[in-house]
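A look at the structure
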Amino acid sequence: MFDNIPSQYYVIGSTIMAIFMGTFVMVIRMRASKKPTNEKKIIIPPIAMSSGALMFLFEQFRVPSMQILEAAAVGMVFSTILIATSKFEVKGQDIYLKRSKAFVFILIGLLVFRVIAKMILSSSIDVGELAGMFWILAFAMLLPWRIAMLVQFIKIKKTVPLKNI
């Protein structure tokens, strides 16, 4: 059914979706910094994103071992940038994710990198395989970032006095 659609339409469609999702993430992140955070808010994104691994049940999304390692390595490198710019602050008895002026620029930079890489790689790598690689990259970026956030949150939480309920 989808074999009749030229691959450049997939590249264009996925690029538009990436821009939409990037913008969505920026808006959500800006809103989140106005509300206290908790463990659940930190761990839900990687758990929710892990369902995307189901794409690998389908042949066209499967990625060779070397490309898995490459995508995961690039994702982990990018996660270090996110880890370095994600800090928490205590306000009263609540813990907030501190707004980073660099975060928006980092997300835009990652989005531009993704679009350029997709345009370059789509000429030599199958579109489905490329989708799998970008999912691996994104998950390898998100998981270490959120684990680091959780560790940092738990350390800070131990210093915050308990709320009176």
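Figured I'd write up the structure that's included with this text. (Residues numbered from 1 in each chain as written. Predicted model: local features only at pLDDT ≥ 70, side-chain atom pairs only at ≥ 80, totals over all residues. Heavy atoms only, no water.)

1. Some words on the environment of Thr-23
Structurally, the position occupied by Thr-23 is in helix H1 (residues 7–32). With 93 residues separating them along the chain, Thr-23 and Ile-116 place their C-alpha atoms 17 Å apart. Separated by 2.9 Å, the side chain of Thr-23 and the backbone oxygen of Ile-19 make a polar contact. (Helix = DSSP H or I, 4+ residues; strand = E, 2+ residues; numbered from the N terminus. Polar contact = N/O pair within 3.5 Å; in protein donor to acceptor, adjacent residues only side chain to side chain.)

2. A few points about the pairing of strand E1 (residues 88–91)
Relative to strand E2 (residues 94–97), E1 runs antiparallel, the two sharing four bridges. Looking at the pairing, Phe-88 lines up with Leu-97 of E2. In this structure, the hairpin formed by E1 and E2 is closed by a connection of two residues, where Gly-92 is found at a positive phi of approximately 65°. (Pairing = 2+ DSSP bridges.)

3. Overview of a nonpolar patch on the surface
Taken together, Met-17, Phe-20, Met-21, Phe-24, Val-25 and Ile-28 make up a surface patch of nonpolar side chains, about 560 Å² in accessible area. Within the element layout of this structure, Ile-28 appears in helix H1. (Patch = residues over 30% accessible without salt bridge, like charges linked within 9 Å, V, L, I, M, F, W, Y side chains within 5 Å. Areas by Shrake-Rupley, 256 points an atom, 1.4 Å probe, with all protein chains shown as cover. Salt bridge = Lys/Arg side-chain N within 4 Å of Asp/Glu carboxyl O.)

4. Regarding the packing of aromatic side chains
For the structure shown, the criterion picks out four aromatic pairs. Seen from their ring centres, Phe-56 and Trp-135 are 5.7 Å apart, and the 75° between their planes marks the pair as edge-to-face. Taken as a pair, Phe-56 in the loop between helix H2 (39–50) and helix H3 (65–85) and Trp-135 in helix H5 (residues 127–157) lie far apart in primary sequence, 79 residues in all. Assessed through its relative accessible area of 15%, Trp-135 is described here as buried. Arranged with centres 5.0 Å apart and planes meeting at 80°, the rings of Phe-78 and Phe-113 form a pair that is edge-to-face. Within this pair, whereas Phe-78 is found in helix H3, its partner Phe-113 is found in helix H4 (residues 101–121), the two being separated by 35 residues in sequence. Of the residues examined, Phe-113 reaches a relative accessible area of 37% and is grouped as partly exposed. Ring pairing ties together the aromatic residues Phe-56, Trp-135 and Phe-139, which thus form one cluster. Between the NZ or CZ atom of Lys-118 and the centre of the ring of Phe-134, over which it lies, the distance is 5.4 Å. In this arrangement the basic side chain of Arg-146 is found over the ring face of Trp-145, its NZ or CZ atom lying 4.8 Å from the centre. (Phe/Tyr/Trp six-rings, centres within 6.5 Å; stacked < 30°, edge-to-face > 60°. Buried < 20%, exposed > 50% of the residue type's maximum accessible area, 1.4 Å probe, protein only. Lys NZ or Arg CZ within 6 Å of the ring centre and 35° of its normal.)

Everything listed here is a matter of coordinates, which is why it stays silent on function.
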